[in-house]
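Here are the chains, one letter per residue:
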Amino acid sequence: MNTIIIGSGPAGYTAAIYAARADLNPVIYTGLEPGGQLTTTTEVDNFPGYPNGVDGPTMMNELKEQAERFGTKVKIDFISKVDFSKERGGVHKLYTQNGDEIRSKTVIISTGASAKYLGLPSEKRLIGGGVSACAVCDGFFYKNQDVAIVGGGDTAIEEATYLAKICSKVSMLVRKDHFRASKAMQNRLANFDNIEVLFNHEIEEVIGESVVEGIKIKNNLNSEVSVLKITGLFIAIGHTPNTDIFKGLVEMDDSGYIITDKTSTKTNIHGVFAAGDVQDKDYRQAVTAAGTGCMAALDAERYLQEV
Ligand code: NDP
């Protein structure tokens, strides 16, 4: 085969559209969550070309149809192991969860990242009903309402300031007595008088049956429990890139994100490219993922012409 794409978010399907139109006959392996993270989002209002917004699953279905229209084969299967060739022009081997071996000259890794959650049953029940891991995607739905955000890193502050421009009040719950975020990021908080930072606070329970009505929070210094009335809860405690099967093979940073060449999607392995959240911890948007998916297909096409 010419091109295998692992992962079916906006990066994977955009790579597939471009690779298929370049006659590379791509095969995309969807992974365990066909369509990726966007299938867990309700309304997507920030993807260009949808003036009235679109719900995440519909958008991913349309991307899939577009990729199939040009001949992409979509396999609802999971790649569980890879054996990459070190030779330029070499053939890479990939194995499905049933042990089937697939061979391909180029591989595009678009396995994405998964948002970390707190792990509370009440939180899980209310994902999509007021619990979200993406302020930029879902913040707008809480216009002029009170919300809370969990986390003390750069993402939490960035998202808190984003929310503060839309919402009436933002309560930030930080489990330690200090932020993990950079000083520069912390300084941004001074510009907002509707962000309240609650250090040493953790969530015990998210209140509400089908929509969030509040959170039960605990001060971990004095064990005092109180209730905060909110309609939206944003979890910003980090993401985990889905790169386990590539560990020790493809160069990654300390957090497990794949390192790509500065101006392309090339990894340290000939013929292996990475696109989307799996190589991007800063932007993490559907449109940026789609952009790098396009780049990866063009990079694969050029590579195949050269070898
Ligand atoms: P981080 O891992 O940096 O921070 C995670 C935060 O969540 C920490 O405050 C951590 O607390 C807290 N946390 C983790 N687990 C829990 C839990 N179970 N309950 C409560 N709190 C929890 O992740 P980020 O997503 O913030 O950042 C990831 C990377 O991306 C960083 O390198 C960051 O610098 C970068 N980034 C840069 C930006 C920029 O420069 N514009 C914007 C966004 C991200 P604790 O400290 O106690 O462990």
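Residues numbered from 1 in each chain as written. Predicted model: local features only at pLDDT ≥ 70, side-chain atom pairs only at ≥ 80, totals over all residues. Heavy atoms only, no water.

S.K.: When you look at the domain arrangement of the protein chain in this model, what are you seeing that I'm missing?
M.R.: Think of interface size as the accessible area that goes away when the parts come together; that is how it is often given. In terms of domain boundaries, the protein chain breaks down into domain 1 (3–114 + 239–306) and domain 2 (117–235). If you average the C-alpha positions of domain 1 and of domain 2, the two centres end up 31 Å apart. At the junction of the two partners, domain 1 supplies seven residues and domain 2 supplies six residues. Roughly 600 Å² of surface becomes buried between domain 1 and domain 2 when both sides are summed, with 49% attributable to carbon and sulfur atoms. In this structure, the connection of domain 1 to domain 2 is made through zero salt bridges. (Domains from an automatic or database assignment. Contact = heavy atoms within 4.5 Å. Buried area = accessible area lost by both parts, 1.4 Å probe. Salt bridge = Lys/Arg side-chain N within 4 Å of Asp/Glu carboxyl O.)

S.K.: Sorry if this is basic, but what is going on with the pairing of strand β13 (residues 169–174) here?
M.R.: When a strand is regular, its side chains alternate between the sheet's two faces. β13 sits mainly inside the fold: five of its six residues count as buried. Sheet analysis places strand β12 (residues 146–150) next to β13, joined by five bridges and oriented parallel. Bridging from a neighbouring strand, Ile149 pairs with Met172 of β13. Crossover handedness for the path β12 to helix α5 (residues 154–164) to β13: right-handed. Across five bridges, β13 lies against strand β14 (residues 195–199) in parallel orientation. Residue pairing in the sheet places Ser171 in a bridge with Glu196 of β14. Between β13 and its parallel partner β14, the chain crosses via helix α6 (residues 183–188), and the hand of that crossover is right-handed. (Buried < 20%, exposed > 50% of the residue type's maximum accessible area, 1.4 Å probe, protein only. Helix = DSSP H or I, 4+ residues; strand = E, 2+ residues; numbered from the N terminus. Pairing = 2+ DSSP bridges. Right-handed = clockwise from strand over helix to strand, strands pointing away.)

S.K.: For this particular structure, what's the right way to read the pairing of strand β16 (residues 214–219)?
M.R.: Strand direction decides the pairing type here: strand β15 (residues 201–207) and β16, joined by six bridges, are antiparallel. Bridging across to β16, Glu205 finds its partner in Lys216. The antiparallel pairing of β15 with β16 creates a hairpin that spans six residues between the two strands, and Gly208 there sits at a positive phi of about 135°. In sequence, β16 turns back onto strand β17 (residues 225–228) through a hairpin of five residues, with Ser223 there showing a positive phi of about 60°.

S.K.: Explain the site of the ligand to me, please; I cannot follow it from the model alone.
M.R.: Residues in close proximity to the ligand total 17 residues, the closest being Gly152, Asp154, Thr155, Arg175 and Arg180. Within the contact set of the ligand, an oxygen atom lies 2.6 Å away from a side-chain nitrogen or oxygen of Thr155. In this structure, an oxygen atom belonging to the ligand sits 2.6 Å away from a side-chain N or O atom of Arg180. For the ligand, whose unbound accessible area comes to 920 Å², protein coverage reaches 73%. The element best represented in the shell around the ligand is α5, accounting for three residues. Its residues assigned to classes, the shell around the ligand comprises five nonpolar, five polar and seven charged. (Near = heavy atom within 4 Å. Polar contact = N/O pair within 3.5 Å; in protein donor to acceptor, adjacent residues only side chain to side chain. Areas by Shrake-Rupley, 256 points an atom, 1.4 Å probe, with all protein chains shown as cover. Nonpolar A, V, L, I, M, F, W, Y, C, P; charged D, E, K, R; others polar.)

S.K.: Even after reading the chapter, I still don't get the pattern of salt bridges, so can you show me in this structure?
M.R.: Any two side chains of opposite charge can pair if their charged atoms end up close together. By the definition in use, this model includes eight salt bridges. A salt bridge links Glu68 to Lys64; the nearest nitrogen and oxygen atoms lie 3.5 Å apart. Remark: Lys64 and Glu68 occur in helix α2 (residues 56–69); sequence separation between them is four residues, near one turn of the helix. What makes Lys64 partly exposed here is its relative accessible area of 24%.

S.K.: Can you walk me through the side chain of Ser122 in this structure?
M.R.: As for its position among the elements, Ser122 is in helix α3 (residues 121–125). Excluding its chain neighbours within four sequence positions, the residues that come into contact with Ser122 are Glu205 and Val206.

S.K.: Mind showing me how you'd approach the packing of aromatic side chains here?
M.R.: For any pair of aromatic rings, the description consists of the separation of the ring centres together with the inter-plane angle of the planes. Counted under the stated rule, the structure contains five aromatic pairs. On the numbers, 6.2 Å between centres and 10° between planes, the contact of Phe84 with Phe246 is stacked. Here the residue Phe84 occupies a position in the loop between β6 (79–83) and β7 (92–96), and Phe246 occupies one in the loop between β19 (239–241) and β20 (272–274), the gap between them amounting to 162 residues. Using a relative accessible area of 0% as the deciding quantity, one classes Phe246 as buried. Ring geometry for Tyr142 against Phe234: centres 5.7 Å apart, planes inclined by 85°, an arrangement best described as edge-to-face. Here Tyr142, found in the loop between α4 (135–138) and β12, pairs with Phe234, found in strand β18 (residues 232–235); they are 92 residues apart in sequence, far enough to count as distant. Assigned by exposure class, Tyr142 and Phe234 land together as buried. The lysine or arginine in question, Arg21, covers the ring of Phe70, its NZ or CZ lying 4.8 Å from the ring centre. (Phe/Tyr/Trp six-rings, centres within 6.5 Å; stacked < 30°, edge-to-face > 60°. Lys NZ or Arg CZ within 6 Å of the ring centre and 35° of its normal.)

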